[in-house]
Every structure is written in structure tokens, then in C-alpha cells.
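Structure at a glance
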Amino acid sequence: MTPADATAATEAPAGDPIRVAIAEDSVLVREGLVRLLRETGFEVVAAVGDTGGLLASIDADRPDVVILDIRMPPTHTDEGIRLASAIRAREGRRVGVLLLSQYVEAAYAYKLIESEAAGVGYLLKDRLSDMTELADAIRRVARGGSAMDPSLVAQLLRRQRERNPLIELTDREREVLGMMAEGRSNQAIAGRLVITLKTVETHVASIFSKLGLEPEPDDHRRVLAVLTYLRAR
Amino acid sequence: MIARTVSSTLSRTLVLAVLALLAGTLFGGVGELEQVRYGDRPPVWVLGDFIGGWTFLLTGAVAWVRRPDNRIGPLLLTIGFSWFVGTHVRASVDWMSYLARAFQGYYEPLIGALVLAYPSGRLAGRLERFVIGAWLLDQVAWSIAQLVLLRPLSWYSCPTCLETADAYIANRYLLEGIGPVTLALSVGLGGAVLVLAARRLLAAGPAGRRRLAPVALASLALALGILAPNGIRLTIDPALYVDPGVVALSYVLDMLAAVAVLGGLLQDRLARTAVADLVIDLRRDAAAIGTEPRRLRDALARALGDPSLELFLFDPGTDGYQDATGRPAALPTAGPSRAVTMIGDGGDRVAAIAHDPILLDDPGLISAVTTAVRLESDNRQLTGEVERQLAELRASRARIVTATDVERRRVERDLHDGAQQRLVSLSMELGRVRAAAARSADPELVGSLAALSAELEAAIEELRELARGILPPILTDAGLGPAVESLALRAPLPVDAEVTVPGRLPPAIESTLYFVIAEGLANVARHAHATRVTIRIAGGDGRVLVEVADDGVGGAAVTRGSGIQGLIDRVGALGGTLRVDSLDGRGTTLRAEVPIPP
């Protein structure tokens, strides 16, 4: 992967709306989501209720991002996860994948970012109530970034362990680490915490040094590194 | 009470037998002494004669005591007595000599009876009873003829006659006429006895032939010592002098026969202990006998001493019998060479055995053996019934667990597809309203909507936890490992998880073990004051083991109605075990082990 590849998805002209395809078997949620996305300025190119319909739509409508429910027909188990893997294997970085679920499970999250975290998102359906957050996540995924649900990151950060190097982090550093794990860029973190970019970069450097991690230039590689670190014993 | 009855019968028989033995010894001893006193036979012959008769008395007494139910003992004693009747022909008291002359020779038909009645003590067939009855009648006729035609010498005051102890013959010519007729009859009937004995010997199987050895010996003695000489006297030489060697040989045969008869009877008694062995065999091989009727056949053949024994097991399915190899077979017809004994009664047939008819001579033995088989069969049937019910119960418990899981899955899915989606869509709408309200900038409205939104989020969160508690979808989707990882992430204390179960397990096992771990973690969090927990899942060898161990205060107890009791039931329903080891200050270990069905 070259830096050029990493930014390919963000090269779209600023004025063009992001093209979104939706696969969600609950009609209520699907229709609500379509309306919400249209109102927020996304172009919804397809909204289907099963996995087969979505694959057809990817070929026909060339969406930038697909939004997937995890539990869909026919088995109502982990269709979305499997479909996400299939799409990423087929489309690579051209299509971002954002999974929505009633539950966020670490096992699924790690399965999704197994190879790389670029262009992947995994959010609780709870996030649909805050359109700005959702729109932010869709844009990140469309750009080849990542969007991990804060509740999952919180779980991983809260996780109790025998030797816990996270204790050595300051509260602010832990906050920054969480946002990195969610997939946010330094710029976004600075905006959220109302601090300067410079300060964020200092925190990031300090965190990586305290945890003994190699600094990563790309946001999505940083996500992978941080999440992998959080999972390791 | 039964024991007392048996022992009193035994002691009465013992007294009678000893008295009979003593009386017979006295009777024979006196008679033989008369012989010695008379002096026409060398003392060594007299001694031999005494030993021959006394052998019958002794074996008869012993046989009677050991087998009071069998008439062979009294028969032997009677033979012994009648053996000695002839010795009193030389009695110095003339009426005794007179009676002895009339009643001597009864031991001949009695030995014939022994030949045909051994070993049961009864004459089995009509022909047998006819032959022996006719022989005895012939003997009685001869006795009557002598009583009528002879007189004691004293009746005629002829003291000199005593010197020769010859009886006065009232009608010599008549007696000499009757004698050969009765003698010829007795030889003919004796011959018939030999023919019947030979038939029995020839018809008998291997088991029977061994048991009929006394019959062969007694037949030989009968033929050699009595029938052959009498036959020669009748036909060739009326004045035949039997060589002492031949007489001695027939005596020896007689004695051997008597001893063999006793031995045979005692062996029958020993055979009863074979029943005890059979019961032990049946118990020890119970499992094998159930599946392998051949083993049962062998045990029966051993107990009854009949290698030719065939076993037929009743099969209620076909209402017919199967042989020991499990093939349908018809019962052989009972006949002179084969007997068939049924085990069980008409309403409750169990089995049948075909065997040597000789075994019927000891009905006690055969009924003991069949009763043992019957008891064992009933026992096995009951055990089988209990096992079947137990298996049904186990299956039904397992089905209840599965049904519970199916129900839990359904409820979780209903929540997911219904209430949860509805609330999500509601929160989306609320989000839109909040955005619109923010634009209209009514701070009060914005504040209320924010509060409403927070409430709604809390409701969604609560509903999610409720649904997860019912049955976490990750367990159904991804299995025990990922589900336990999810549990561990949520646990409020450090969790070490060692999961070494390759692949998926049956759903009922996965859910049960998941609930065990969840309950274990919840208890640790609530009560244990622990600093860490170890979860171990290990599979292999057809079992899967789950352990939740903490380093807390211990002292946990399984109380009725606790979550653990419910889990013990649930694990038990899958044929597994759940144990709580919790010593004060040593932490608590929850350990569940469940067999994985093949």
C-alpha cells in the first residue's frame, strides 16, 4: 500500500455527495435511515433488505460506502460480517463498509479489521440518533478511514488486566487513545477536545512511547495498531 | 419354620436309617453266623456274602439320610435285608428257617427295580412298572407255594431232621412242578429288565450315560450272578454248580453298583451347588448373557452337566423362540431321547431348554436351575425397564434444555426484530426532531428533547442487556470462545481465559457452559472479593470441561433456588456434572464437565 492508494478515496470532488447503499432488513430502520441520510446530504443509491440485493447494487450503483446490518436474512446471524469480508475482498478500498448492529462484539470487530482497518466502520445502532456522529463516521469510512464504536473502545480501555500499562497514561492521554481507537484523525481529536493539533500530536507521541508502539503515519494503520494493542494480553 | 421342618425330617430319617442299618447288620450277622455254624460253606464265602449284603445296607442308609426325598435309599436298605433273608435258611429255629426259605430271593426283583428306578427312585414308565410288578408277583407266588407246601420240621417232632435243617416237603411233586415255572418267569422278567436297562443306556446322551453307570453295573451283576445261572439251570443243567469265582464277581459287581448308586445320588446333591454357581455365573456375566445367549447356554450346560443342552429364548416380538445364536427356531418335540423344560409360565414365557431326559430324574435340580434363570431374567427385565425409563428421562431432560434454548433464541430474536428496531427508529426520529429544534433555538425544547433522547438511549441499552442475558447472539453466531471473550471484556475484574475447544459444540452444550461461566463471573463479581478470575475451557476425549476459578474469600455454598442450583440441573440434564469447590479463604472454583455426544 502506498500513500497514494491511501488517499485515493478522498480524491472525489468536494461538491459530489457521498454515494451510500444500505442493506437493512428492518423496514422501519431502513426507511428512517434513508430519509436521515438524504436530509443530511448523502446520495442514497440503494436501500435493500438482504445481502444479495446489496452485491447487485454495488455493481450497478457504484456506492462509496455501504451501510450493513449484521443480522439479516436468511439466517439472521452474522450475514453482515461475512458480506463485509466479501465486499472488501472484491472491491478493496473502493467501497467503504460501515456495519450497524444492536450489539457490538469485540470478536466481530477484530474479524473486520483482521487484515486492515482502512474503510471499515462498526457502530451500534444507538448512534443513528445523532446524525452528526453518523455522518462523520460515514465520511471517515468513505475516505478510507475507520469508525469504531465508542462503547467497544471504552470496553477495551476499561478492560482489566494483570499488568496494565494503560495506568501509566494520563487521563487526557487515555481520552486521546480512545479517540484514536475509534478512528479519529489528530485534527478531529483536536476539534473534539478543543486543543491545538500540536498538543494532540504531543499526546500521541507520548502514548506511543509509553505503550512501546511504533508511530504510524496513517490514521487507519494507527487504529489497527491501537486496537491490536488493546486486545493483546 | 421351613428350616426347622427340614431339619426335623432330616433327624427323623437319620434315626430311622441308623436303626435300619443296625437291625440289618444284626439280621445279616445272625444269619451268616448260622451259615458258619452249619458249616456247609467256607467262612470266607460267608464273609463275602455278608460284606455284599452289608454294602447295600450301608449305602442305603447313607443315601436315605443324604437324599431323604429319594426312594433309592430305602430300596437299597430293603435289598440289603432281603439279601440276608436266605442266610436264615440254616437257622436253628425251624420256623425261621421255614420263613426264610419261603421269602428268600426277593432281592432279585428288587435289584431289577433298582436298575429301572435309578436315579429318581421311581419307575418312570408303564412297562417298567409292569415288569417289576410281575417279577414281584412271581416271587410272591413262589413264596406262597413254599409256605403252603413246606412245613417247619418241629411241627412233626423230628429232632433229627434239624441236623440237616431240611424242610419237610408236604407235596414234593407239586413244588417241583411250580418251581421251574416261577423260575422261568423270573428269568424272563429279569431279561426284560436288562432289555429296558439297555434301552435306557442306548437312548441316553453323554450326560445320561455317565449318570447311568450304576444301572450298567447292577445290570451286569443281575445278569451274571442271577439270571445267567438260573437260565442255565432251567435249560441245560438243573444241577448247575456256580463257580465261586463267578459268584464272587457278581458280588463285586453288586457292591460296585450299590456304591455307584450312592455316589450318583450324592453327585445329584452336589449338582445343587452347581445351581449356586449358576446364579453367580448369571450375575457376573449378566451384561454378556443379555447380549450373548450362548453364554447363558454354556452356564446352563455346566450347571446341569449336559453338554448337549440347547437353549431357546422366547421372543415376544415374533411370539416364537430363538436359539442361542439368535435365529428363530422351533422347540424340539419331547421324546424318549430328548426332554424339553419350559422356563416361565404360559402368560410369561421366558425360555425353554431341550436336554437329556435323564435330568428329569432329579426334578429338584432342574427346577432350581430354571428358577435361577427365571429370577435372573426377571431381574434383567426389571433392570432393563429401569434403564429404559432412565434413558427416557435423560432424553426428556436434554430435550427440555434444548427447548428452553430454542425459546430463549426466539424471545431474543423477537426483541431484536421488534422492540429494539422500533426503539432505534424512534431514536432516529427523535434525532431529526432534535436537529430541527436546535435550528428553531428554543432552549427549553432542546433541553427536554435531549433528556428524552438520553432516556431513550438508556432504554435501548437496558433492553440490549436484557436480550443479551436471554441468549447472546454472539454465542449462537460465533460459538463459546468469542462469547466468553465478550463476557470477559465486560467483567469488572481481570479475567484470564484459556479456551482450547476446537470448533463448535452442540448448541445445548454451548449455551449451558456459557451460562455456567456467566453465572460464575457474576458470583465472583458479587461475592468473592477476588482480584482475578481464570476461565478455562478444555475439550477432548468426548468431554468438555469448563472452570471458573477465583482467588477470593471462598466459602460459597449452593443454596436452593440459587442460580447455581438451576445450572446443576441444566448440566445434569446433559449428563454432565457441576461442582462448586469453595473453602474459606481458598477462593471458589466452579467446575462443569459435560459429555459431547458422538
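Residues numbered from 1 in each chain as written. Chains lettered and ligands numbered in written order. Predicted model: local features only at pLDDT ≥ 70, side-chain atom pairs only at ≥ 80, totals over all residues.

**Digging into the overall build of chain A**
A count of helices and strands for chain A gives 11 helices and six strands. Here chain A holds 233 residues, and the buried ones make up 45% of them. (Helix = DSSP H or I, 4+ residues; strand = E, 2+ residues; numbered from the N terminus. Buried ≥ 20, exposed ≤ 12 C-beta atoms within 10 Å, placed from the backbone.)

**Section: the sheet that holds strand 8 (residues 495–500) of chain B**
Residues and elements named next belong to chain B. The strand order across the open sheet formed by five strands is 8-9-10-12-11, and the pairing between neighbours is mixed. Looking at which strands have only one partner, the edges of the open sheet turn out to be strand 8 and strand 11 (577–582). Across the sheet, the mean angle from the axis of one strand to that of its neighbour is 10°, orientation sign disregarded. By the bridge criterion, six bridges tie strand 11 to strand 12 (residues 588–595) in an arrangement that is antiparallel. Directly across from Thr 577, in strand 12, lies its bridge partner Glu 593. Its contacts with the sheet put helix 18 (residues 507–528) on strand 9 (533–540), strand 10 (543–550), strand 11 and strand 12, and the angle it makes with strand 10 is roughly 10°. Across the sheet, helix 19 (residues 563–573) is in contact with strand 11 and strand 12; its angle to strand 11 comes to roughly 145°. (Pairing = 2+ DSSP bridges. Axes fitted to C-alpha atoms, helices over the stretch in contact; angles between N-to-C directions. Contact = placed C-beta atoms within 7 Å.)

**Describing the sheet that holds strand 6 (residues 339–345) of chain B**
Residues and elements named next belong to chain B. Ordered by their spatial adjacency, five strands build an open sheet running 5-4-3-7-6, and the pairing between neighbours is antiparallel. Bordering the open sheet on either side are strand 5 (328–329) and strand 6, each of which pairs with just one other strand. Pairing geometry for strand 3 (residues 310–315) and strand 7 (residues 348–355), over four bridges, is antiparallel. Paired with Glu 310 across the strands is Ala 354, a residue of strand 7. Docked against the sheet, helix 13 (residues 293–304) engages strand 3 and strand 7, running at close to 135° with respect to strand 3. On top of the sheet, helix 14 (residues 363–440) reaches strand 6 and strand 7; it is set at about 40° to strand 6, its chief contact.

**Looking at the interface of chain A and chain B**
Across the contact, 26 residues belong to chain A and 34 residues belong to chain B. Going through the elements one at a time, helix 2 (27–39) and helix 5 (106–112) of chain A are the ones with two or more residues in the side of chain A that touches chain B. Of the residues forming the side of chain A that touches chain B, the biggest block, five residues, is contributed by helix 2 of chain A.

**What about the pairing of strand 8 of chain B?**
The side chains of a regular strand alternate between both faces of the sheet. Residue and element names in this part refer to chain B. When strand 8 meets strand 9, the two strands line up parallel, connected through six bridges. Opposite Glu 498, over in strand 9, you have Arg 536 as the bridge partner. Viewed along the sheet, the connection from strand 8 through helix 18 into strand 9 turns out left-handed. (Right-handed = clockwise from strand over helix to strand, strands pointing away.)

**Topic: the pairing of strand 1 (residues 19–23) of chain A**
Residues and elements named next belong to chain A. Within strand 1, four of the five residues are buried, leaving the element largely enclosed by the surrounding structure. In terms of strand pairing, strand 1 meets strand 2 (residues 43–48) through five bridges, oriented parallel. Each bridged residue has a counterpart across the sheet, and for Ile 22 the counterpart in strand 2 is Ala 47. Note on the crossover from strand 1 through helix 2 to strand 2: the handedness is right-handed. By the bridge criterion, four bridges tie strand 1 to strand 3 (residues 65–69) in an arrangement that is parallel. Paired with Ala 21 across the two strands is Val 66, which belongs to strand 3.

**Some words on the confidence of the model for chain B**
Residue and element names in this part refer to chain B. When pLDDT is averaged along chain B, the result is 83, and 91% of the positions lie at 70 or above. A low-confidence stretch, residues 1–5 (pLDDT under 50), is modelled with zero contacts involving residues beyond four sequence positions or located in other chains. Predicted confidence for residues 155–166 stays below pLDDT 50, and this span has 10 contacts to residues more than four positions away or in other chains. Predicted complex metrics record ipTM = 0.86 and pTM = 0.62. (pLDDT = per-residue confidence, 0-100.)

**Some words on unusual backbone geometry**
Glycine aside, residues mostly have negative phi, and peptide bonds are mostly found in the trans state. Residue and element names in this part refer to chain A. With an omega of 5°, the peptide bond running from Pro 73 to Pro 74 counts as cis. Topologically, Pro 74 is positioned in the loop between strand 3 and helix 4 (79–91). Phi at His 76 takes a positive value of approximately 55°, unusual for a residue other than glycine. Within the secondary structure, His 76 is located in the loop between strand 3 and helix 4. With a phi angle near 55°, Val 194 is a residue other than glycine that sits in the positive phi range. By the element assignment, Val 194 lies in the loop between helix 9 (186–193) and helix 10 (197–211).

**What about the environment of Arg504(B)?**
Residues and elements named next belong to chain B. Among the secondary structure elements, Arg 504 is positioned in the loop between strand 8 and helix 18. With 12 C-beta atoms packed within 10 Å, Arg 504 lands in the exposed category. Sequence separation between Arg 504 and Ala 478 is 26 residues, and the spatial gap between their C-alpha atoms is 8.2 Å.

**What about the packing of helix 8 (residues 171–182) of chain A against helix 10 of chain A?**
All names here are of chain A. The N-to-C vectors of helix 8 and helix 10 enclose an angle of 90°; their axes lie 10 Å apart at closest approach. By the angle between their directions, the pair helix 8 and helix 10 is classed as roughly perpendicular. Along the contact surface, helix 8 presents Arg 172, Glu 173, Val 176 and Leu 177, while helix 10 presents Val 200, His 203, Val 204, Ser 206 and Ile 207. For the contact of helix 8 with helix 10, the class distribution of residues is five nonpolar, two polar and two charged. (Parallel < 35°, antiparallel > 145°, perpendicular 65-115°, else oblique. Nonpolar A, V, L, I, M, F, W, Y, C, P; charged D, E, K, R; others polar.)

**Structural notes on the nonpolar core**
In this structure, Leu98(A) and Ile517(B) are the most contacted members of the largest nonpolar core, which totals 108 residues. Top element by residues in this core is helix 18 of chain B. It accounts for 11 residues. Excluding residues that lie within four positions of it along the chain, Leu98(A) makes contacts with Val65(A), Ile67(A), Gly121(A), Leu123(A), Ala137(A), Ile138(A), Val141(A) and Ala147(A). Trp64(B), Leu253(B), Met255(B) and Ala352(B) belong to the second-largest nonpolar core, a separate cluster that totals 85 residues. (Core = buried A, V, L, I, M, F, W, Y, C linked by C-beta atoms within 7 Å.)

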